[in-house]
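Residues per chain are reported as follows:
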Amino acid sequence: MVLRADGAIQTSADNGTPLQLTGIANGGQELRMRQSRGTISSPTNSSTNGDGNYLTSYVYANSAYASIGHIGIITGSAANNGEIQFSTASNGTVSERLRIQSNGHTLVANTRQIQFYNDDQHINATSANDLELAAADDLNYRSNFSRFFSGSVEHCRISGLTNQNNWIAFGNKLGVGTKTPDSYYAQKLVVYDGDEGGMTIA
């Protein structure tokens, strides 16, 4: 182990000798990182929303070391609230992908998928208003979704059957096959079936 002039601690060996903590203690070992504002001799309070500590991974590519991701244990809305931030690199740019908030809520970065088994089984926020739930080969039929609205704003989209496109509109009205039941005379329940007409129950 070497303490370098730049302040870094280096475990240097070509075979990748790990930095290891070994000890006998109830509950395991602790790697403690401390952060504050101010100076070492006169620390001041950490700030909210992002102060804390990071574990960052660098790899050597294109004649330089570059970050490929990090895990941050950082402050939330208060200095005594903690959050865990997960970031990864895509084409050299590190961006946050996942965050666990102090209240236990898990946030996934914008328009990212939560995959269960493979690409075809996922929950995906396709936009600020669209939530897509898909399984098996539903992705081959992008239009086959039941769509849930509150007024004119879509809030959820659930994959449907092959070659079908079902629209469901909520509020004080229900539309099947249409998202505009209020365009009909009897608006409480509208069943629409293209050129063949449909059924309206008021």
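Report follows, based on the coordinates.

Let us look at the side chain of His70. Looking at the element boundaries, His70 is found in strand E6 (residues 64-75). At 3.3 Å, the side chain of His70 and the side chain of Gln85 are in polar contact. If we ignore the near neighbours within four places in the chain, the residues touching His70 are Tyr54, Leu55, Thr56, Gln85, Phe86, Ser87 and Val94.

So, about the sheet that holds E6. Pairing is antiparallel across the open sheet formed by five strands, whose spatial order is E5-E6-E7-E8-E9. The outermost strands of the open sheet, each flanked by one partner alone, are strand E5 (52-61) and strand E9 (106-108). Averaged over all pairs of adjacent strands, the angle between strand axes in this sheet comes to 25 degrees, irrespective of strand direction. The sheet contact formed by strand E8 (residues 93-100) and E9 spans three bridges and is antiparallel. Bridge pairing in E9 places Ile100 opposite Thr106.

With that settled, consider the environment of Asp130. Mapped onto the fold, Asp130 is located in the loop between strand E11 (122-125) and strand E12 (131-134). Residue Asp130 is classed as buried on the basis of its relative accessible area of 15%. Sequence separation between Asp130 and Phe149 is 19 residues; the distance between their C-alpha atoms is 10.0 Å.

There is a patch of nonpolar side chains on the surface, built from Leu31, Met33, Leu55, Ile71, Ile73, Ile84 and Ile100 and spanning about 590 Å² of accessible area. With respect to the helices, strands and loops of the structure, Ile73 is situated in strand E6.

The full count for this structure, using the stated rule, is one aromatic pair. Seen in terms of ring centroids, Tyr60 and Tyr65 are 4.9 Å apart; in terms of plane orientation they differ by 70 degrees. Their pairing is edge-to-face. Here Tyr60 matches Tyr65 in class, with each residue exposed.

Attention now moves to the environment of Glu96. Within the fold, Glu96 resides in strand E8. Exposure remark for Glu96: the relative accessible area of 30% places this residue in the partly exposed category. Considering only alpha carbons, one finds Glu96 and Phe86, 10 residues apart in sequence, at a separation of 5.8 Å. Leave out the neighbours within four places in its chain, and Glu96 touches Gln85, Phe86, Ser87 and Ala109. A polar contact is formed between the side chain of Glu96 and the side chain of Gln85, at a distance of 3.0 Å. A polar side-chain atom of Glu96 sits 2.6 Å from a polar atom in the side chain of Arg99.

Before going further, it helps to examine the pairing of strand E7 (residues 82-90). Here E6 runs beside E7; their pairing, made up of seven bridges, is antiparallel. Each bridged residue has a counterpart across the sheet, and for Gly72 the counterpart in E7 is Gln85. In sequence, E6 turns back onto E7 through a hairpin of six residues. Connecting E7 to the antiparallel partner E8 that follows it, the hairpin turn spans two residues, and Asn91 within it adopts a positive phi of roughly 55 degrees.

Enumeration according to the criterion identifies three salt bridges in this entry. For Asp51, the salt bridge is made with Arg37, and the minimal N-O distance between the two is 2.7 Å. You can see Asp51 sitting in the loop between strand E4 (43-44) and E5 and its partner Arg37 sitting in strand E3 (residues 37-38), a full 14 residues away along the chain. Across the salt bridge formed by Arg99 and Glu83, the nearest N and O atoms sit 2.8 Å from each other. Residue Arg99 is found in strand E8, and its partner Glu83 is found in strand E7; the two are separated by 16 residues along the sequence.

Before going further, it helps to spend a moment on unusual backbone geometry. Phi is positive for Asn49, which is not a glycine, with a value near 60 degrees. Position of Asn49 among the secondary structure elements: in the loop between E4 and E5. One non-glycine residue, Asn91, adopts positive backbone phi at about 55 degrees. Here Asn91 is to be found in the loop between E7 and E8.

Conventions and cut-offs
Residues numbered from 1 in each chain as written. Predicted model: local features only at pLDDT ≥ 70, side-chain atom pairs only at ≥ 80, totals over all residues. Heavy atoms only, no water. Helix = DSSP H or I, 4+ residues; strand = E, 2+ residues; numbered from the N terminus. Polar contact = N/O pair within 3.5 Å; in protein donor to acceptor, adjacent residues only side chain to side chain. Contact = heavy atoms within 4.5 Å. Pairing = 2+ DSSP bridges. Axes fitted to C-alpha atoms, helices over the stretch in contact; angles between N-to-C directions. Buried < 20%, exposed > 50% of the residue type's maximum accessible area, 1.4 Å probe, protein only. Patch = residues over 30% accessible without salt bridge, like charges linked within 9 Å, V, L, I, M, F, W, Y side chains within 5 Å. Areas by Shrake-Rupley, 256 points an atom, 1.4 Å probe, with all protein chains shown as cover. Salt bridge = Lys/Arg side-chain N within 4 Å of Asp/Glu carboxyl O. Phe/Tyr/Trp six-rings, centres within 6.5 Å; stacked < 30°, edge-to-face > 60°.

No statement about biological role is implied by the geometric values presented.
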